[in-house]
Amino acid sequence: MSEKSDDSRDFFLVVPPGFEAVAEKELRFWCERLFNKVDLNLKSEKAGITINLPLIQGFFLNRVLKIPTRILFRIADFRCRDFTSLYKKVLRIDWNRYVGGHGVEWKASASGSRLKIESRIVETCEQAFQNYRKGNTPKKTDEAPGSFTIYLRIVDDTCQLSLDSSGEALYKRGVKKNVSQAPLRENLAAGLLWFLFNFEVKSEKLGLEKGCTLIDPMMGTGTFLIESLLLFQPIVTRSFAFEQNPVWRFTEHSLWIYQVKDTSPFKKVMGYDISDKNVMAAQENLMMFRAFSISQADLFTPLHRPESVNGPVWVITNPPYGQRIPLKGPRGTFYIDTLKAIKKKWNPQKIGIIVPADVFKNLPIAEKSNSLEFRNGGINVRFIVVESELV
């Protein structure tokens, strides 16, 4: 029996811890916008979301979701208490349906199970796969170099086999050529932009006032700016593992890309940085976009006159934490000084700023702000969203 493009299957979205709620909001937005689905069969848990969708729809989420790290396609779910049973279960899977003529690479994890030796788990699965292939030669049209990654997870004798439909991590957009000294991963930036919206985004109008400008006064190499421009577009600048899946390759799917309008929630994005090197890198990173402005400037220099902005302004930024990059001023007052400088120059409606978690609790605005806690570069941080008038 061949896999059909409209067969509903479980997909697991791997999500950065702390971003589960915003990732679910993003998922609901795209399912309504692309597939006209409002009532979704999904389950959220720590660091992930499971959703049941037709095969092609689940694969296509790789192109539009910006917060997940990767999307796993559930192949099998079974009980297993010994290696003989594991071998037989893996051998029975019709692998040509999922990987065509490609090979597979195994990534195994086990806890609370009798099957504890991960290297032997991988060896057993590979042996079963190779023996399957001896009796089930793939069609010539399916033969191809390369391999799919299969994640095998055993918990309390329950085994889950999942195919990585993403390939490279999804935060690798294929856009940025340059990175700064202390970069923020793209999927984290996208999640913080969704948090900045305060869940106001609606499928029909994006929830922003017409003509809103987004500004990052400490832009680094432009991650927030790039993500704001990509947020409601499909990613077409890289390839994905699912594109080699036999079902996807022989399905009429290409028109879906053109159903997503080339749109940004912001009229314009503007970035500033004190570093010449970062400014040049950001300009190169943003070359494929329109409606952006980048300049060298020091937020704390009174002589700087920012470019005039018409209409409402939102500001989002990731200042240094004082570890890799030194702070400009005492750590106890640096972030308040940053907020005051932002308010003075642009008087924005909203300010979103990342601060170290230990600093957050001592900020006067802590109780007045919405915040999201996560880890960035191994450091516990908080993303604070506050109205300018409260600074």
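Residues numbered from 1 in each chain as written. Predicted model: local features only at pLDDT ≥ 70, side-chain atom pairs only at ≥ 80, totals over all residues. Heavy atoms only, no water.

**Describing the sheet that holds strand β6 (residues 147-155)**
Let me state the cut-off plainly: At least two bridges found by DSSP between two strands are what make those strands a pair. Only runs of H or I of at least four residues qualify as helices and only runs of E of at least two qualify as strands under DSSP, and these elements are numbered from the N terminus. Axis angles are defined between N-to-C directions and span 0 to 180 degrees, where every axis is a line fitted to C-alpha atoms and, for a helix, only to the segment in contact. Contacts were defined at the residue level, with two residues in contact if any of their heavy atoms lie within 4.5 Å.
The strand order β2-β3-β1-β4-β7-β6-β5 describes an open sheet built from 7 strands, whose pairing is mixed. At either margin of the open sheet sits one strand with a lone partner, and together these are β2 (42-45) and β5 (103-111). Looking at each pair of strands side by side, their axes are set apart by 30° on average, direction ignored. Sheet strands touched by helix α3 (residues 83-92): β4 (70-79), β5, β6 and β7 (158-164). Its angle to β4, the strand with the most contacts, is close to 120°. The strands touched by helix α5 (residues 118-135) are β5 and β6; relative to β5, the strand with the most contacts, the crossing angle is about 145°.

**Some details on the pattern of salt bridges**
Basically, it comes down to this: Salt bridge, as applied in this entry: a Lys or Arg side-chain nitrogen positioned within 4 Å of an Asp or Glu carboxyl oxygen. Each residue gets one of three labels from its accessible area relative to the maximum for its type: buried under 20%, exposed over 50%, partly exposed in between, using a 1.4 Å probe on protein chains only.
Enumeration according to the criterion identifies 8 salt bridges in this entry. One salt bridge in this structure joins Arg 63 and Glu 243, with 2.3 Å as the shortest N-O distance. Separated by 180 residues along the polypeptide, Arg 63 in helix α2 (residues 55-64) and Glu 243 in the loop between α7 (223-230) and α8 (246-249) bring together distant segments of the chain. Here Arg 63 matches Glu 243 in class, with each residue buried. In this structure, Lys 172 and Glu 168 form a salt bridge, with 3.8 Å as the shortest nitrogen-oxygen distance. Judged by relative accessible area, Lys 172 falls into the partly exposed class, the value being 41%.

**Focus: the packing of aromatic side chains**
To describe a pair of aromatic rings, you give the distance between the ring centres and the angle between the ring planes. Applied cut-off: For this analysis, a ring pair means two rings from Phe, Tyr or Trp (six-membered ring only for Trp) whose centres lie within 6.5 Å, classed as stacked if their planes differ by under 30 degrees, edge-to-face if by over 60, and tilted for the remaining angles. Two conditions define a charge sitting above a ring: the NZ of Lys or the CZ of Arg must be within 6 Å of the ring centre, and it must be within 35 degrees of the ring normal.
Enumeration according to the criterion identifies 22 aromatic pairs in this entry. Where Trp 95 meets Phe 129, the ring centres are 5.7 Å apart and the plane angle is 80°; that geometry is what we call edge-to-face. Note that Trp 95 is positioned in helix α4 (residues 95-99) and Phe 129 in helix α5, a separation of 34 residues in sequence. Relative accessible area serves as the criterion here: at 0%, Trp 95 is assigned to the buried category. Taking relative accessible area as the criterion, Phe 129 reaches 2% and is therefore assigned buried. Three or more aromatic residues joined by ring pairs make a cluster, and in this case those are Phe 29, Trp 30, Trp 194, Phe 197, Phe 232, Phe 266 and Trp 314. A cation sits over an aromatic face here: Arg 120 above Phe 83, 4.0 Å from the ring centre. When the ring centre of Trp 314 is taken as origin, the NZ or CZ atom of Lys 350, which lies over that ring, is 4.7 Å away.

**Quick word on the pairing of β7**
Here is the key point about a regular strand: its side chains alternate between the two faces of the sheet. The buried fraction of β7 amounts to 5 of the 7 residues, a majority that puts the element mostly inside the structure. Inspection of the sheet shows β4 paired to β7 by 7 bridges, in the antiparallel sense. In the strand pairing of β7, Ala 76 is matched with Leu 161. Connecting the antiparallel pair β6 and β7 is a turn made up of 2 residues, with Asp 156 showing a positive phi of about 50°.

**Digging into the pairing of strand β12 (residues 350-356)**
Worth spelling out the cut-off: A right-handed crossover is one whose linking path, passing over the helix from the first strand to the second, runs clockwise when the strands point away from the viewer.
Burial of β12 is extensive: 7 of the 7 residues sit out of reach of the surface. Along β12, one buried face is formed by Lys 350, Gly 352, Ile 354 and Pro 356 and the opposite face, lined by Ile 351, Ile 353 and Val 355, is buried too. Relative to β12, strand β11 (residues 313-317) is paired through 4 bridges, and the arrangement is parallel. Its bridge partner being in β12, Ile 316 is matched across the sheet by Gly 352. Read as a crossover between parallel neighbours, the route from β11 over helix α10 (residues 331-346) to β12 is right-handed. Here 7 bridges tie β12 to strand β14 (residues 379-387), and the two strands are oriented antiparallel to one another.

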